[in-house]
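# Structure at a glance
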Amino acid sequence: MKLFVPGRLCLFGEHSDWAASYRPHNPAIEKGCTLIASTNQGIYAEVKKHPTHLILRAALNDGTKIETALPMAKNALLAEAQTGTFFSYAAGVAAQFLSHGYAGGVEIDNYLTDLPIQKGLSSSAAICVLVARAFNRLYDLKMNVRDEMEMAYLGEIATPSRCGRMDQGCAYGNRPILMFFDGDQMDVVELKVAKDLFFVIVDLGASKNTQQILASLNQAYPFAVTEVQANVQKHLGAISSKITQDAAAALQQGDAVKLGELMKVAQREFDRYLIPACPGELKVNSKLSRLFHGIFLRWNV
């Protein structure tokens, strides 16, 4: 059986998914809202059942090749998940299926990956969704897309990654979706676009420490102590949600100019409210992003 799972591009609402997960601890925190679209690049694999092991052969886009096998044993899978390697994501998802009573294994031949790794396109979520989908379809578990997303999410957070629930939206494939988050609850609205819109994804050549960014922003939750922390909550709540829902409306209307304008607004508000919480990691990337947003807007007027 052949499977393909694309990458995920967050157009609006970055970080609002995990921020909303704190609502059970502090109801004053606003619900989260993100707008995402899949890429036309992703992870291709041929999968089949294996009676006792999780086996992964992977060819990454940088030429790296991986071949690893582990028995379907909870301790072994969870220990591998903690290593943070590419295989760790597959192990984390397999451990979730094992804990739900599915003891059989899978053999995955990831023969092609044209999705850039560690570039903010959710390559880790894509492999997690692919593994979840492999278990689901090979063993006829009758899971829907949301079920696959949940297993992929639980598998990824078993690794050092501390993702929110947005990334696994890549499971929906080639369509834009609007996602709403409230604690552990998630609603998904599939959007219809009036006409084709073309996005250019640019590698800005900058590096960032995602774990440091998330650690810094998470300090604002569940209760803000400083003004900086209050501003983080303000941005990831009402401000981001309003911009994101306006963008979803523009997307459905096929209004590229409006989308470009909203991207500039989103970047400006991001700079104002979030950079002070983690200036060392966010400031340089913000300058490069503003340059690209300006180019995007000029090309679409």
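See above for the structure.
Below you will find a few notes about this structure.

The rules behind these values
- Residues numbered from 1 in each chain as written.
- Predicted model: local features only at pLDDT ≥ 70, side-chain atom pairs only at ≥ 80, totals over all residues.
- Heavy atoms only, no water.
- Axes fitted to C-alpha atoms, helices over the stretch in contact; angles between N-to-C directions.
- Helix = DSSP H or I, 4+ residues; strand = E, 2+ residues; numbered from the N terminus.
- Parallel < 35°, antiparallel > 145°, perpendicular 65-115°, else oblique.
- Left-handed = near helix turned anticlockwise from the far one by under 90°.
- Contact = heavy atoms within 4.5 Å.
- Nonpolar A, V, L, I, M, F, W, Y, C, P; charged D, E, K, R; others polar.
- Disulfide = S-S within 2.5 Å.
- Salt bridge = Lys/Arg side-chain N within 4 Å of Asp/Glu carboxyl O.
- Buried < 20%, exposed > 50% of the residue type's maximum accessible area, 1.4 Å probe, protein only.
- Core = buried A, V, L, I, M, F, W, Y, C linked by side-chain atoms within 4.5 Å.
- Phe/Tyr/Trp six-rings, centres within 6.5 Å; stacked < 30°, edge-to-face > 60°.
- Expected span 1.5 Å × (residues − 1).
- Polar contact = N/O pair within 3.5 Å; in protein donor to acceptor, adjacent residues only side chain to side chain.

### Focus on the packing of helix H3 (residues 86-99) against helix H5 (residues 145-156)
How two helices sit against one another is set out by the angle between their axes and by the gap between those axes. Contact geometry of H3 with H5 gives a least axis separation of 7 Å together with a crossing angle of 120°. The angle between H3 and H5 places the two elements in the oblique class. As H3 runs across H5, the sense of the crossing is right-handed. Residues Tyr-89, Gly-92, Val-93, Gln-96 and Phe-97 of H3 pack against Met-151, Ala-152, Leu-154, Gly-155 and Glu-156 of H5. Its residues placed into classes, the contact of H3 with H5 shows six nonpolar, three polar and one charged.

### Regarding the state of the cysteines
Evaluated as defined, the whole model comprises zero disulfides. Looking at Cys-10, it has no disulfide partner, and the nearest cysteine sulfur is the one in Cys-33, 9.9 Å off.

### Structural notes on the pattern of salt bridges
Summed over all chains, the structure comprises nine salt bridges. Linking Lys-142 and Asp-140 is a salt bridge whose minimum nitrogen-to-oxygen distance equals 2.8 Å. Residues Lys-142 and Asp-140 agree in their burial class; the two are exposed. As a salt-bridge pair, Glu-190 and Arg-175 come within 2.7 Å of each other at their nearest N and O atoms. Taken together, the residues Glu-190 in strand S7 (residues 185-190) and Arg-175 in the loop between H5 and strand S6 (177-182) connect sequence positions 15 residues apart. The exposure class of Arg-175 is partly exposed, given its relative accessible area of 37%.

### A look at the nonpolar core
Core analysis: the biggest nonpolar cluster contains 74 residues, and Phe-12, Leu-35, Leu-54 and Met-179 have the highest contact counts within it. The element contributing the most residues to this core is helix H4 (residues 123-138), with 11 residues. Setting aside residues no more than four positions away along its own chain, Leu-54 makes contact with Thr-68, Ala-69, Leu-70, Met-72, Leu-77, Phe-87, Ala-90, Ala-91, Ala-94 and Val-106. Counting residues in hydrophobic clusters, the runner-up holds 16 residues, among them Trp-18, Leu-214, Ala-220 and Cys-278.

### Some words on unusual backbone geometry
That bond from Tyr-221 to Pro-222 is cis: its omega, 0°, falls within 30 degrees of zero. With respect to the secondary-structure elements, Pro-222 resides in the loop between helix H6 (210-218) and helix H7 (227-253). Although it is not a glycine, Ser-122 sits at a positive phi angle of roughly 60°. Residue placement: Ser-122 occurs in the loop between strand S5 (105-113) and H4. Given a relative accessible area of 8%, Ser-122 falls into the buried group. Phi at Lys-142 takes a positive value of approximately 60°, unusual for a residue other than glycine. Mapped onto the secondary structure, Lys-142 falls in the loop between H4 and H5. Lys-142 gets classed as exposed once you look at its relative accessible area, which sits at 65%.

### Re the environment of Phe-87
Along the chain, Phe-87 falls in helix H3. Sequence-wise, Phe-87 and Ile-127 are 40 residues apart; in three dimensions their C-alpha atoms are separated by 9.0 Å.

### Digging into the packing of aromatic side chains
This structure, assessed with the given rule, holds eight aromatic pairs. Their ring planes at 50° and their centres at 6.0 Å tell us that Phe-97 and Tyr-102 sit as a pair that is tilted. Overall, Phe-97 belongs to the buried group, its relative accessible area being 0%. Assessed through its relative accessible area of 31%, Tyr-102 is described here as partly exposed. Both rings, one in Phe-97 and one in Phe-135, keep their centres 4.6 Å apart while their planes meet at 10°; by these two values the pair is stacked.

### Thoughts on H5
Helix length check: H5, at 12 residues, gives a terminal C-alpha distance of 16 Å against a target of 16 Å (1.5 Å per residue), a fit within 8%. Residues Glu-148, Met-149, Met-151, Ala-152, Tyr-153, Gly-155 and Glu-156 constitute the buried set of H5. Residues of H5 that are buried in the fold lie against H3, H4, S6 and S7. Where H5 begins, the capping side chain belongs to Asn-144, and its oxygen is found 3.1 Å from the backbone nitrogen of Arg-146.

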